[in-house]
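Notes for the structure review
Single-letter residue listing:
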Amino acid sequence: MDASVTPIPDKPGTSLAQTTDFFYPLVDDPYMQGRIACANVLSDLYAMGVVSCHNMLMLLAVSKDMTDAERDVVIPLIMRGFQDTAQEAGCLVTGGQTVINPWVTVGGVASTVCSDGDIIMPEGAVAGDVLLLTKALGTQVAVNAHQWMEEEGDRWNKIKDMTNVEEVKAAYRKTTLSMARLNLTGAKLMHKYQARAATDVTGFGILGHAKNLAENQIKPVSFTIHTLPVITNMVKIARGVGNMFQLMQGYSAETSGGLLMAISKEGAEGFIKEIKELEDCDAWIIGSVEEGTRTAKIVDNPTIIEV
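Everything quoted here is computed from the prediction, not taken from an experiment. (Residues numbered from 1 in each chain as written. Predicted model: local features only at pLDDT ≥ 70, side-chain atom pairs only at ≥ 80, totals over all residues. Heavy atoms only, no water.)

1. Let's talk about the packing of aromatic side chains
Within the structure shown, the criterion is met by two aromatic pairs. Both rings, one in Y24 and one in W103, keep their centres 6.2 Å apart while their planes meet at 75°; by these two values the pair is edge-to-face. Residue Y24 is located in the loop between strand 2 (14-23) and helix 1 (30-47), and its partner W103 is located in the loop between strand 4 (92-101) and strand 5 (105-115); the two are separated by 79 residues in the primary sequence. Given a relative accessible area of 49%, Y24 falls into the partly exposed group. For W103, a relative accessible area of 54% translates into the label exposed. Ring centres of W148 and F245 lie 5.9 Å apart, and the angle between their planes is 35°; this geometry places the pair in the tilted category. With W148 in helix 3 (residues 139-151) and F245 in the loop between helix 8 (234-240) and strand 9 (259-263), this pair connects stretches of sequence that are 97 residues apart. (Phe/Tyr/Trp six-rings, centres within 6.5 Å; stacked < 30°, edge-to-face > 60°. Helix = DSSP H or I, 4+ residues; strand = E, 2+ residues; numbered from the N terminus. Buried < 20%, exposed > 50% of the residue type's maximum accessible area, 1.4 Å probe, protein only.)

Below is the structure:
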């Protein structure tokens, strides 16, 4: 689902795990943008339980509209952020590709050779498991609200009566740090507490990815989401602009989002306690796994936890 896993010929029990991703800049700080891009690429490996990445390539497009001065400041900062996060993950960036493009894009390729036991295939959920999520939702809303605030246009005028500059800046800071945070600790704890299936929450939103994960299960199970942890004040902003984001419906895109996993209730409790101790970050039980037809839903009026 999240990464390609290819058995290596003539080496039984050994596979090559690879993934790639890229996107347009989301934040103003080029260094943090580089960190977010790297964390986002690696997250696909972590969702498969692969905790060691041996090699990364960086994919970078430089805007043709940048001045030489802008390019010479921005691009090295993006590259440094990407490299620093790869080093934090214990990985080398050994090359890549740089092109000229109408817009800046940044991303990469992550590759590792691993044994079968290093991988948690996203297919083992059983009835009675719970759904656990490791990062709050609402990153798309926060990034857009911050952009609208800076532009001071019609969209800011539409939401400024329900929020303020301080709330939007606080959500943007929290979002930036969340997107730049590696899912590495979560992937390690998936093994320790025996998660049975996982994915990372990105462009399809929490429900979109839950549906994809449910469809991939061996046993006929379905997922029910009853709780949505959301960055503070993003629910009211999302509601204030109508159906633009579909945050409450579960389809608001996330970038470098958390791990969504099916895990035993006892395992989830241990996971939540330990990730708090290790990273001072929360994780939440957000749903349940029942016998069903390999689909997913959000209950009417889910519990909202503002984070």
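Structure's up, so let's keep going.
2. Concerning the packing of helix 1 against helix 5 (residues 165-180)
The angle between the axes and the distance between the axes are what describe a pair of packed helices. The N-to-C vectors of helix 1 and helix 5 enclose an angle of 45°; their axes lie 7 Å apart at closest approach. Looking at the two axes, helix 1 sits oblique to helix 5. Touching M32, R35, I36 and A39 of helix 1 are T176, L177, M179 and A180, all from helix 5. Grouping the amino acids of the contact of helix 1 with helix 5 by side-chain chemistry returns six nonpolar, one polar and one charged. (Axes fitted to C-alpha atoms, helices over the stretch in contact; angles between N-to-C directions. Parallel < 35°, antiparallel > 145°, perpendicular 65-115°, else oblique. Contact = heavy atoms within 4.5 Å. Nonpolar A, V, L, I, M, F, W, Y, C, P; charged D, E, K, R; others polar.)

3. Some details on the pairing of strand 1 (residues 4-7)
Summarising the sheet, strand 1 and strand 2 pair through four bridges and their orientation is antiparallel. Looking across to strand 2, one finds that V5 is bridged to A17. Taken together, strand 1 and the strand that follows it, strand 2, pair antiparallel across an intervening segment of six residues, in which D10 is found at a positive phi of about 70°. (Pairing = 2+ DSSP bridges.)

4. As for the nonpolar core
Residues I206, F223 and I225 are the most contacted members of the largest nonpolar core, which totals 42 residues. If we ignore the near neighbours within four places in the chain, the residues touching I225 are L131, I206, L207, A210, I286, G287, K297, I298 and V299. (Core = buried A, V, L, I, M, F, W, Y, C linked by side-chain atoms within 4.5 Å.)

5. Digging into the state of the cysteines
Per the stated rule, a full pass over the model turns up zero disulfides. Lacking any disulfide linkage, C53 is separated from the closest cysteine sulfur, that of C91, by 3.3 Å. A relative accessible area of 2% means that C91 is categorised as buried. (Disulfide = S-S within 2.5 Å.)

6. With respect to the side chain of Q33
When you line up the elements, Q33 lands in helix 1. Setting aside its immediate chain neighbours within four residues, Q33 contacts F23, Y24, P25, L26, V27 and V106.

7. Some details on helix 5
Look at helix 5: 23 Å from first C-alpha to last across 16 residues, which is about the 22 Å you get at 1.5 Å a residue. Turning to helix 5, its buried residues number three or more, namely V168, A171, Y172, T175, T176, S178, M179 and A180. Where the residues of helix 5 are buried, they touch helix 1, helix 3, helix 4 (154-159) and helix 8. At the N-terminal end of helix 5, a side-chain oxygen is found 3.1 Å from the backbone nitrogen of E166, two or three residues along, and the residue is N164. (Expected span 1.5 Å × (residues − 1). Polar contact = N/O pair within 3.5 Å; in protein donor to acceptor, adjacent residues only side chain to side chain.)

8. Topic: the sheet that holds strand 8 (residues 221-230)
Where strands meet in a sheet, backbone hydrogen bonds hold them as pairs that are either parallel or antiparallel. The six strands lie next to each other as 7-9-6-10-8-11, forming an open sheet whose pairing is mixed. Two strands bound the open sheet, and with one partner strand each, they are strand 7 (197-200) and strand 11 (296-306). With direction set aside, neighbouring strand axes in the sheet form an average angle of 20°. Contacts between helix 7 (residues 205-215) and the sheet are confined to strand 6 (130-133), strand 7, strand 8, strand 9, strand 10 (284-291) and strand 11, with strand 8 contributing the most and set at about 155° to the helix.

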